Amino acid sequence: THKVSSVVPTMKRTLVVGEVIEVRIEKVAHGGHFIARHEGCVIFVRHAIPGEKCRIQITSVGSSFNRADVVETLEASSDRVVAPCEYSNRNGCGGCDFQHITIERQRKLKADVITEQFARIAKMEIAVEVESVGPELGWRSRITSTTDKNGRLGFIGSRSHTVIPVSNCLVASKEIGFSELATRTWKGDMRVEIAASNSDERSISLMPTRGESKSRLSEGPAILHEKVLDKTLEVSNNSFWQGHVNAPSVLSEVVRDFAGVKNADHVLDLYGGVGLFAAALIDLVGSEGRIELIEGSKSATSDASRNFAEDTNVKVITGDVATHLPRINSADVVVLDPPRDGAGKIVVSEIARLKPRTIVYVACDPAALARDTGYFLERGYSLVKLRAFDLFPMTHHIECVALFEPAKVS
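Residues numbered from 1 in each chain as written. Predicted model: local features only at pLDDT ≥ 70, side-chain atom pairs only at ≥ 80, totals over all residues. Heavy atoms only, no water.

### Here we look at the sheet that holds strand E2 (residues 34–38)
- Read around the barrel, five strands follow the order E1-E2-E3-E5-E4 and close on themselves; strand pairing throughout is mixed. Strand-to-strand twist in this sheet, taken as the mean axis angle between neighbours without regard to direction, amounts to 50°.
- Sheet topology note: the strand E1 (residues 20–28)/strand E4 (residues 53–60) ladder contains five bridges and is antiparallel. For Val-20, the partnering residue across the bridge sits in E4 and is Gln-57. (Pairing = 2+ DSSP bridges. Helix = DSSP H or I, 4+ residues; strand = E, 2+ residues; numbered from the N terminus. Axes fitted to C-alpha atoms, helices over the stretch in contact; angles between N-to-C directions.)

Spelled out as structure tokens, the structure:
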């Protein structure tokens, strides 16, 4: 006689928006959420910490996962703190998602995310320490704020279109002067872009939240001057610049260290922006070496052209990296700092074809870096070093710098 199994598969319950349930928080997920499960349902929870028992409210439901916010902590983690900012709560500004966690645990959680992404995507076991680069408040030199219909300055709430008026932003650098700007009455429904340089300049650009019109300068210089290491770079309002006040110098030093540039080297600076890394490497290539900077933003390449006007061995190219790379035959060193979605398979293949002796990859998304690391492995390059930096304290964002070299054939 055969025994018939009486195990009935557990049915996944359908959750309802607004429903409040009790859960145990499991682990951090990529994107600043924390994972919990309830009667077969996976839930991404905001404002939690692993190990906590919480009462959560469902904010959205889906077929593969649901979203929720913590409404009450029943068993709090020893790493839970009172958020320094009054707007850092589930109904507040959507900017800082980690203010309720001690800074040490924030960095540990970010390290866990990097480890998990590499294990899942690149099938690699790595351990990394997330390094502090300075204070966790007052670090941000670039802010995009939004005005509500009454012209009050604020930020858009998490997963909403609602502007939350804010009287001060604690992560903004003092040079931004946010609290003074918040006392002004602005035009309604505008994006307000505020940038402060480390040479005491501030500019403010405005653009409507709807429509296609470009941002226009309303106050301050059109070009800011940023001093990095021993050089001063021009950065236009529409050009990308690292947000953390210490990021440009920290990243420049790490890139210089990893790249190992020698006299007479041919260096490629991909997604090179206004030339932050080219400026850090130009003295090392010497008069016989050369740097080719490729960047899609016309604003950034026009800045770069001015920044290297005196350097005849720097060539600035405006255009798509994937389009321009096939025209290049070789390179000794490649530095790349792609946008959040990474370089991708085509660009990685093209870089590997050039057979550089070192590749330095600056990444603001560990998932994209892990994916591209897999592509580099397939193309015969090994991950030799990886450093991670807390360039976005109080948020889930993180910056990594990876060094790849040709794999040693055993």
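### Here we look at the packing of helix H3 (residues 247–259) against helix H4 (residues 276–285)
- Interaxial distance between H3 and H4 falls to 9 Å at its minimum, and their mutual angle equals 45°. Comparing their axes, H4 and H3 come out oblique. Of the two possible hands of crossing, H3 and H4 adopt the one that is right-handed. For the pair H3 and H4, the contacting residues are Pro-248, Leu-251, Ser-252, Val-255, Arg-256 and Ala-259 in the first and Leu-276, Phe-277, Ala-280, Leu-281 and Leu-284 in the second. (Parallel < 35°, antiparallel > 145°, perpendicular 65-115°, else oblique. Left-handed = near helix turned anticlockwise from the far one by under 90°. Contact = heavy atoms within 4.5 Å.)

### Structural notes on the pattern of salt bridges
- Under the counting rule described, the total for this entry stands at 33 salt bridges.
- Salt-bridge contacts for Arg-13 lead to Glu-39; the nearest nitrogen and oxygen are separated by 2.7 Å. Taken together, the positions of Arg-13 in the segment before E1 and Glu-39 in the loop between E2 and strand E3 (41–46) put the pair 26 residues apart, joining distant regions of the chain.
- If you follow the salt bridges from partner to partner, you end up with Glu-22, Lys-53, Arg-55 and Glu-72 in one network. (Salt bridge = Lys/Arg side-chain N within 4 Å of Asp/Glu carboxyl O.)

### What to know about the pairing of strand E20 (residues 381–389)
- Where strand E6 (residues 130–131) meets E20, two bridges bridge the pair, whose relative direction is parallel. Each residue of the ladder has a partner; that of Val-130, found in E20, is Ala-388.
- Relative to strand E21 (residues 399–406), E20 runs antiparallel, the two sharing eight bridges. Looking at E21, one finds that Tyr-381 is bridged to Pro-406.

### Regarding the packing of aromatic side chains
- On inspection of all chains with the given rule, the structure shows six aromatic pairs.
- With a centroid separation of 4.8 Å and an interplanar angle of 35°, the aromatic rings of Phe-44 and Phe-65 are classed as tilted. Of this pair, Phe-44 sits in strand E3 while Phe-65 sits in the loop between E4 and strand E5 (66–75); the two residues are 21 residues apart in sequence, bridging distant segments of the chain.
- Residue classification places Phe-65 among the partly exposed positions, given a relative accessible area of 30%.
- Taken together, Phe-376, Tyr-381 and Phe-404 form an aromatic cluster joined through their ring pairs. (Phe/Tyr/Trp six-rings, centres within 6.5 Å; stacked < 30°, edge-to-face > 60°. Buried < 20%, exposed > 50% of the residue type's maximum accessible area, 1.4 Å probe, protein only.)

### Some remarks on the sheet that holds strand E19 (residues 358–363)
- In spatial order, the strands read E6-E20-E21-E19-E18-E15-E16-E17; together these eight strands make up an open sheet with mixed pairing. Lying at the two open borders of the sheet, with one neighbouring strand each, are E6 and strand E17 (314–318).
- Judged from the four bridges that link them, strand E15 (residues 266–270) and strand E18 (residues 333–336) form a sheet pairing that is parallel. If you follow Leu-268 over to E18, its bridge partner there is Val-334.

### Digging into helix H1 (residues 103–122)
- Here H1 contains 20 residues, and its C-alpha end-to-end distance of 28 Å stays within 8% of the 28 Å for a straight helix at 1.5 Å per residue.
- The first or second residue beyond H1 is Lys-123, which carries a positive phi of 55°. (Expected span 1.5 Å × (residues − 1).)

### Concerning the side chain of Asp-390
- Mapped onto the fold, Asp-390 is located in the loop between E20 and E21.
- Among the residues examined, Asp-390 registers a relative accessible area of 0% and is labelled buried.
- A distance of 2.6 Å separates a polar atom in the side chain of Asp-390 from a polar atom in the side chain of Lys-110. (Polar contact = N/O pair within 3.5 Å; in protein donor to acceptor, adjacent residues only side chain to side chain.)

### Quick look at the side chain of Ser-239
- Of note, Ser-239 is situated in the loop between strand E14 (231–236) and H3.
- A polar contact is formed between the side chain of Ser-239 and the side chain of Asp-303, at a distance of 2.7 Å.
- If we skip the residues at most four places from it in the chain, Ser-239 touches Val-274, Ser-299, Ala-300 and Asp-303.

### Considering the pairing of E15
- The buried fraction of E15 amounts to five of the five residues, a majority that puts the element mostly inside the structure.
- Every second residue of E15 is oriented toward a common face, with His-266, Leu-268 and Leu-270 on one face and Val-267 and Asp-269 on the other, all of them buried.
- Here E15 pairs with strand E16 (residues 290–295) via five bridges, running parallel. The residue bridging Val-267 from the neighbouring strand is Ile-291, located in E16.

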